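# Reading the structure
One letter stands for each residue in the lines below.
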Amino acid sequence: MKSQVKIYLTAFKNALATRMAYRIDLFVSAFIMLVFELIIPLVTYLIYSSGAGFPGWKFHEVFLIQAVFLLSKGITFPFFAGIVWNTITQIREGTYDLLLIKPRNILFMTLLTGIDIEDLGKLLGGIAVFIFAVSQVPDPGALNWVAFILLFVCSVIVFMSFAFIMAASGFKWVGNFRVYEIFEALTSFAMYPMSIFSKGVQILITACIPLALMGFFPASLILGKPLDWLLISLVSCVFFLVFSIFFWYRMLRSYTSAGG
Amino acid sequence: MAFVTYKEWAAYRSHMLISLFVGPVQFLVQVFIWRAVYTNQTVLNGLTLEQMITYYAVVTIIHYLVMDFAAWNLHMLIRTGRFVTYMIRPLSHRFFALSQKVGHRALGFVWEFIPVYCMFFFLFQLTLIPAHAGWALCSILLGFMMHFFLNYCIGIMGFWLIRAEGVRRMIMIFSMLFEGVFIPLVFFPLAVQKVLFFLPFQFATYVPIRVFIGSYELAGMSFELPHIIAIQAAAVVVMFFVSQLLWRLGVKKFTGVGT
């Protein structure tokens, strides 16, 4: 474990040094990552500033859901989710073989090469938005903060599971970077109060794919709102993670190459 | 060129089929959002719930007709030096890129527009028929050209910046926001709307959508369809000359060492 952390830190330093070769582009890219993530909160703000809104939800409450989602995404994307882009690119170029011959676990090696420095903009944006959103709501108390951290970890796990599934699809569906669009489309459900969706969709985003854990449940905990379906969602989260790792290894077996 | 691009991209039609999932899912989310928002009102910023849902449905399908990758492509060619081969060809790169777009979008029409249109019709029971078909077609064609010129101008920036991916993405995101892709422009504060009226972005997507719906309004101003289409046409001509000017300035900066 200690050596793996060491390797990860070295890989992180390398990724940072490589990306710093084009500093201006890095800063602009990181900034744009931040701006892009703020579009949904901006759209929500424009809806509320028009005198409308989601029934039973004030703006700062919806904003908190989106802030939790962005913070979780901000942690996952720079450190883990680069696995998607990296795997698809390396498979297409035929360089994935080089990872397979390294003397470490292949999933760990793929994670290492997928560190995405410019996505740190997402993390900075997530932190800023979360701090602002939390400052707008009453303090939920220490116990709820502990529970929030646990739910937040689950949120990160759901993001990671998505990353594994998307990366795994690259083994079969060569060169298809549009899997990100599928991810963005599905996670659109995670950025709004669950009550606006139909019963069928609510079941889908709690029991089948635990999208509600990505923002709604952690935020609802801080807001003191009802947490119906939470337990099912937590079970679903565990299954989703196990499935994603299993799926990743299963798809790896179907990897073919003519040599890098 | 258009036909070659069509055939080239037809090899990746399974990638295009992702649109059959992504478009309707994103639209479904919008339906839930706006149904909830309209719970306590019938009209919001001049749009009824029905018009709002039509707005997002039209955003989805028009995107398949006008989307563009000229900026990314030109950047890539300049950065890798492969652009040098286009300098010696007996046709302008802009015409080449436009032909590529025509081919690519023709494929998009077959594999994205028609299936998603059918899904909207059969699954969502949406009859997406323009209020005035002729004007809508004109406006979409002008939107197609505006998208191209906007993207091409962004691509030309690659002559000045070695690695302009970040800047390109930044402009693209602001462009999408100010085109009305995420939310109708009438939701922005009035002062912002007044600025947006004079920027080229609204002519790429917002105007074609509003013409499709049959009414145009922005910054407190309403226009008859022929009038706003005339303004849109003028904006396209201006962007053509802007792209021409930027091209002449930018191409002087280009250095290539052969490929």
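Just so we're clear, the structure is a prediction, and the values are computed from it rather than from any experiment. Per chain, residues are indexed from 1 in the order of the written sequence. Think of it this way: whatever chain is written first is A, whatever ligand is written first is 1, and the rest follow in order. Local features are withheld for residues below a pLDDT of 70 in this predicted model, meaning they are given only at 70 or higher, and side-chain atom pairs are given and counted only at 80 or more; totals for whole chains, interfaces and linings count all residues. To obtain the side-chain values, all non-hydrogen atoms of the structure were included, while hydrogens and water were left out.

## Some remarks on the overall build of chain B
Here a strand is any run of E in DSSP of at least two residues, a helix any run of H or I of at least four, and the numbering for each starts at the N terminus. Looking only at helices and strands, chain B features 12 helices and four strands. With the C-alpha coordinates of chain B rotated into their principal frame, the extents come out at 65 × 40 × 35 Å. Any residue under 20% of the maximum accessible area for its type is buried, any over 50% is exposed, and the rest in between are partly exposed; the area is computed with a 1.4 Å probe on protein chains only. Scored against the burial criterion, the 259 residues of chain B give a buried share of 51%. In chain B, once contacts between residues fewer than 6 apart in sequence are set aside, the share between residues at least 24 apart is 76%. Surface summary for chain B: the accessible area is close to 11,800 Å², and the carbon and sulfur share equals 69%. In chain B, which carries 17 positive and 8 negative side-chain charges, the distance between the mean positions of the two groups comes to 13 Å. Between two residues, a contact is recorded if the distance between any of their heavy atoms is within 4.5 Å. For the accessible areas, the method is Shrake-Rupley and the probe is 1.4 Å, while residue cover comes only from the protein chains on display. Under the counting rule used here, the positive set is Lys and Arg, the negative set is Asp and Glu, and His together with the chain ends is not counted. Throughout, a charge is located at the NZ atom of Lys, the CZ atom of Arg, the CG atom of Asp or the CD atom of Glu.

## Here's the deal with the packing of aromatic side chains
Residue and element names in this part refer to chain A. Here a pair means two rings of Phe, Tyr or Trp (six-membered ring of Trp) with centres within 6.5 Å. Their orientation is stacked below 30 degrees between planes, edge-to-face above 60, and tilted elsewhere. In this structure the tally under the stated criterion is 57 aromatic pairs over all chains. Judged by centre distance (5.8 Å) and plane angle (70°), the ring pair of Tyr45 and Phe59 falls under edge-to-face. Here Phe59 lies in helix H4 (residues 59-93) and Tyr45 lies in helix H3 (residues 39-49), a separation of 14 residues in the sequence. Judged by relative accessible area, Phe59 falls into the partly exposed class, the value being 23%.

## Describing unusual backbone geometry
Residue and element names in this part refer to chain B. Although it is not a glycine, Asn45 sits at a positive phi angle of roughly 50°. Structurally, Asn45 is set in the loop between strand S1 (43-44) and strand S2 (47-48). The class of Asn45 is partly exposed, set by a relative accessible area of 30%. The phi angle at Gln125 is positive, at roughly 55°, despite the residue not being glycine. Here Gln125 shows up in the loop between helix H7 (93-122) and helix H8 (133-156). For Gln125, a relative accessible area of 63% corresponds to the exposed category.

## Some points on the layout of surface pockets
Residues and elements named next belong to chain B. Its boundaries defined by the atoms lining it, the second largest pocket holds a volume of some 400 Å³. Taken together, 18 residues line the second largest pocket, and the ones lying closest to its centre are Leu65, Phe109, Phe113, Leu137 and Ile140. Sorting the residues of the lining of the second largest pocket by element identifies helix H4 (49-66), H7 and H8 as the ones contributing at least two each. Only Asp, Glu, Lys and Arg are considered charged, only Ala, Val, Leu, Ile, Met, Phe, Trp, Tyr, Cys and Pro nonpolar, and every remaining residue, Gly among them, polar. Partitioning the lining of the second largest pocket into residue classes produces 17 nonpolar, no polar and one charged. A cavity here means a set of points on a 1 Å grid, drawn over the protein atoms and nothing else, where a 1.4 Å probe fits but cannot get out; a pocket is an open set with protein on both sides within 12 Å along at least five of seven lines, and a residue lines either one if it has an atom within 4 Å of a point. Grid points are joined across faces, edges and corners, and a volume is the space filled by probe spheres set on the points.

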